[in-house]
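Summary of the model geometry
Residue-level listing of the chains:
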Amino acid sequence: MPDQDRALVSMAQQFSGLPVKSLISAPLLAGAEANGKMAIMQTQFLLSTCFNTDGDGDSVNYKPIMINMTLTRSVVKHDGSAGDPVQTRFDLPLLTIMPLNSLAVDNVDVNFEMEVKSSFSNDKETSSESEKAAEGSFSAKVGWGCFSAEVSGSVSASSKNSSSEKSHYEKSNSAKYTINAHAGQLPLPEGVTTIIQAFSQCIAPIQLKEPGAAAAA
Amino acid sequence: MKDQQQIDCPCCGQKIYIQPQLLVRGSSFSCSNPRCDASVALSHSSYSVTNKALNKLEKLRQSQL
């Protein structure tokens, strides 16, 4: 192909065959899939570790595993002096103290960088050098009586041509595809938070009323 | 693991912030209400079940990361 006809690389053509959809969606789908697996694993952990089960099949009853806590309170006597601390034991669902923040992929960065370089240069250098030299010499001698003739001649010629041409063509492709996925802790779902709050509120002591108070009211 | 959990104080209803890993080592945690001097600790009878659950959760996290 003659150098003059060598066109630059078409940028649009270079990018047209790229699977951009796959490049972007594949990491996001992988992140979503990982999140789903993590959620399932945490749910299984929650049910197997923090609950006891009763029943079989569809009628499984999950009963929270309780742990025993000791509540210590100071006592001030009527005369203002410190009394012995009072200890109260109460039960608390194990679920309420487990750091069950949802672990999930919370950030996926997809960076795609593609560089197509195309350059063409044509250096043409033509030099023509012509050198001609001519040299002539002539002498003639003529005599008569006794014929005498002398002819002398000399001719010299020189010619020199030179030509040079440089052509340079460069084409390069480079592509960089970077995926950064970060897993962090998300806030618990509202439903789980409500369940935990309900459990934790159950540790408040129940105040019994006098037997006749309800009837009088 | 430095997760902080919270439970309601049985005395005043304010929050008691607890760290489960320290709880199984015998630490006690006081109520956030400065007027309430209540503190809670894990009873010895529950050390085993709590520790086992925390270790299991930590393994789960390691496997997920």
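Residues numbered from 1 in each chain as written. Chains lettered and ligands numbered in written order. Predicted model: local features only at pLDDT ≥ 70, side-chain atom pairs only at ≥ 80, totals over all residues.

**Topic: the overall build of chain B**
Each helix and strand in chain B was counted, giving two helices and four strands. Seen in sequence order, chain B has helices and strands lined up from the N terminus as β-β-α-β-β-α. Looking at the 65 residues of chain B, the share that counts as buried comes to 29%. In chain B, 26% of the contacts between residues at least 6 apart in sequence involve partners at least 24 apart. (Helix = DSSP H or I, 4+ residues; strand = E, 2+ residues; numbered from the N terminus. Buried ≥ 20, exposed ≤ 12 C-beta atoms within 10 Å, placed from the backbone. Contact = placed C-beta atoms within 7 Å.)

**What about the nonpolar core?**
Counting 24 residues, the largest nonpolar core has Met-69, Leu-94, Ile-97 and Met-98 of chain A together with Ile-16, Ile-18 and Ala-53 of chain B as the members making the most contacts within it. Those elements giving two or more residues to this core turn out to be strand 3 (66-76) of chain A together with strand 2 (15-18), strand 4 (39-42) and helix 2 (47-64) of chain B. (Core = buried A, V, L, I, M, F, W, Y, C linked by C-beta atoms within 7 Å.)

**Remarks on the pairing of strand 1 (residues 51-54) of chain A**
If a strand is regular, its side chains alternate between the two faces of the sheet. All names here are of chain A. With four bridges joining them, strand 1 and strand 2 (residues 61-64) adopt antiparallel strand pairing. When the bridges of strand 2 are listed, Asn-52 appears paired with Lys-63. The loop that links strand 1 with its antiparallel partner strand 2 comprises six residues; one of these, Gly-55, has a positive phi angle of about 90°. (Pairing = 2+ DSSP bridges.)

**A short note on the interface of chain B and chain A**
One frequent convention defines the size of an interface as the accessible area lost when the parts assemble. Residue-level contacts link 29 residues of chain B with 30 residues of chain A. Listing elements by their share of the side of chain B that touches chain A, those giving two or more residues are strand 1 (5-8), helix 1 (20-23), strand 4 and helix 2 of chain B. Take the side of chain B that touches chain A: its biggest share by element is eight residues, from helix 2 of chain B. Considered class by class, the residues forming the side of chain B that touches chain A number 16 nonpolar, eight polar and five charged. Here four bridges tie strand 3 of chain A to strand 4 of chain B, and the two strands are oriented antiparallel to one another. (Nonpolar A, V, L, I, M, F, W, Y, C, P; charged D, E, K, R; others polar.)

**Description of helix 2 (residues 20-49) of chain A**
Over its 30 residues, helix 2 of chain A runs 44 Å from end to end, which matches the ideal 44 Å to within 8%, given 1.5 Å per residue. Where helix 2 of chain A is concerned, the buried positions are Gly-31, Met-38 and Gln-42 of chain A. (Expected span 1.5 Å × (residues − 1).)

**Quick look at the environment of Lys-171 of chain A**
With respect to the helices and strands, the residue Lys-171 of chain A is situated in strand 8 (residues 164-186). For the pair Lys-171 of chain A and Val-116 of chain A, spaced 55 residues apart in sequence, the C-alpha to C-alpha distance is 7.9 Å.

**Quick notes on the sheet that holds strand 4 of chain B**
Ordered by their spatial adjacency, four strands build an open sheet running 4(A)-3(A)-4(B)-3(B), and the pairing between neighbours is antiparallel. Each edge of the open sheet is held by one strand with a lone partner, namely strand 4 (82-93) of chain A together with strand 3 (28-30) of chain B. Looking at each pair of strands side by side, their axes are set apart by 25° on average, direction ignored. (Axes fitted to C-alpha atoms, helices over the stretch in contact; angles between N-to-C directions.)

**What to know about the confidence of the model for chain B**
The share of residues in chain B with pLDDT of 70 or more is 92%, and the mean pLDDT across the chain is 86. The element-level mean pLDDT for chain B is lowest in strand 1 of chain B, coming to 82, with strand 3 of chain B highest at 92. (pLDDT = per-residue confidence, 0-100.)

**What to know about the environment of Thr-178 of chain A**
Residues and elements named next belong to chain A. Of note, Thr-178 is situated in strand 8. The class for Thr-178 is exposed, based on 10 C-beta atoms found within 10 Å. Taking the C-alpha atoms as reference, Thr-178 lies 5.9 Å from Val-110; in sequence the two are 68 residues apart.

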